[in-house]
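This is what each chain is made of:
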Amino acid sequence: MGRFDNLSARERIMVALDCGPDEARALAGKLEGHATWLKVGITLIYDGGLPLVSELRERGFKVFVDSKFHDIPHQVRGAVKSAAHSGADLVTVHGSGSEAMLRACHEGAGQAQDEYGHKPYVIAITVLTSMDADELAKVGVTRPIPEQAAALAKLALDSGLDGIVCSPREAREMRELLGPDALIVTPGVRPAGAALGDQSRVATPAAAIEAGASHIVVGRPITQADDPVAAFESIVAELERA
Ligand SMILES: O=C(O)c1cc(=O)[nH]c(=O)n1[C@@H]1O[C@H](COP(=O)(O)O)[C@@H](O)[C@H]1O
């Protein structure tokens, strides 16, 4: 039995608030009482959205700070600690940034626990869900995407991280590789018939969870819907039916 096996459907959905702070607050207001996790990413953070991290936590949400750190070990160690101080429950780092960098992120989370009594999950991005094999080759990685994702996932867990971000298409292999307790977070999730936008390696919410994801990230299909709560609830219903 893995540590995320008993989550309810609504605890598995992370809603990406990729917008400005006013819109993010309005969406959070609508999703209160429905969603568990909200994701604060770089569009929101660099538009004055950092205070929302503690604000959303105070309103009872769990906050995924999608920081996507990728820097020298000294910097990321401090950055993870700082994000924890801001109230992040989960932060991301690029898995390709080296073993030393991943270990430093793990250390930063430990230091946050010691100093602030709050330790966020730290998870590593493997291969962005917007990328296909051609895009990956252009940045010098010619092995197949599943192999690259598996190598980075193993490095992340061996460096002390809590889990990974990958496409739902790789989730089954990742679950087999990483075992029952790893956080496996899959963006690139689209309800049947929804627009793909810039996503490339996608699956439906139910298929992602069935393949082994512990959580799914959904942005535009919820946030740009005429009725975001109805869109959220229809994904909950889809997961509960599966
Ligand atoms: O780290 C992420 O959350 C992430 C990793 C990845 O490989 N692909 C990816 O789309 N994301 C994030 O997941 C969200 C997807 O949003 P939508 O495509 O609107 O559902 C965005 O906030 C992305 O930043």
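Keep in mind it's a predicted model, so treat the numbers as computed, not measured.

Burial along strand S2 (residues 37-40) is two-sided: Trp-37 and Lys-39 and Leu-38 and Val-40, pointing in opposite directions, are all buried. Where strand S1 (residues 13-16) meets S2, 3 bridges bridge the pair, whose relative direction is parallel. Considered in S2, the bridge of Val-15 is made with Leu-38. Chirality of the crossover, the property in question, places the unit of S1, helix H1 (residues 21-31) and S2 among those that are right-handed. Relative to strand S3 (residues 62-69), S2 runs parallel, the two being bridged by 4 bridges. Bridge pairing in S3 places Trp-37 opposite Lys-62.

Before going further, it helps to examine the side chain of Asp-66. Structurally, the position occupied by Asp-66 is in strand S3. The exposure class assigned to Asp-66 is buried, which follows from its relative accessible area of 6%. Polar contacts involving the side chain of Asp-66 include one to the side chain of Lys-68, which spans 2.7 Å. Sequence-distant contacts of Asp-66, defined by excluding residues within four places in its chain, comprise Lys-39, Val-40, Gly-41, Ile-42 and Thr-92.

What follows concerns the UniProt feature "active site" (unreviewed entry) in the chain. Under the present numbering, the feature "active site" (unreviewed entry) in UniProt falls on Asp-66, Lys-68 and Asp-71. With respect to the helices and strands, Asp-71 occurs in the loop between S3 and helix H4 (73-86). In this structure Asp-71 comes out as partly exposed when scored by relative accessible area, which is 38%. Excluding residues that lie within four positions of it along the chain, Asp-71 makes contacts with Val-76 and Met-101.

The next subject is the pairing of strand S4 (residues 90-94). By the criterion of burial, S4 is predominantly enclosed, with 5 of the 5 residues buried. Of the two faces of S4, the one holding Leu-90, Thr-92 and His-94 and the one holding Val-91 and Val-93 are both buried throughout. One ladder, built from 3 bridges, connects S3 with S4; its direction is parallel. Residue pairing across strands places Phe-64 opposite Leu-90, the latter belonging to S4. At this point the chain moves from S3, through H4, to the parallel S4, and the crossover so formed is right-handed. Pairing of S4 with strand S5 (residues 121-125) involves 5 bridges; the strand directions are parallel. Residue Leu-90 lies in a different strand from S5, and its bridge partner there is Tyr-121. After leaving S4, the chain enters helix H5 (residues 99-116) and then returns to the sheet as S5, a path that is right-handed.

The rules behind each value
Residues numbered from 1 in each chain as written. Predicted model: local features only at pLDDT ≥ 70, side-chain atom pairs only at ≥ 80, totals over all residues. Heavy atoms only, no water. Buried < 20%, exposed > 50% of the residue type's maximum accessible area, 1.4 Å probe, protein only. Helix = DSSP H or I, 4+ residues; strand = E, 2+ residues; numbered from the N terminus. Pairing = 2+ DSSP bridges. Right-handed = clockwise from strand over helix to strand, strands pointing away. Polar contact = N/O pair within 3.5 Å; in protein donor to acceptor, adjacent residues only side chain to side chain. Contact = heavy atoms within 4.5 Å. UniProt positions renumbered as here; feature names shortened; annotations may be inferred.

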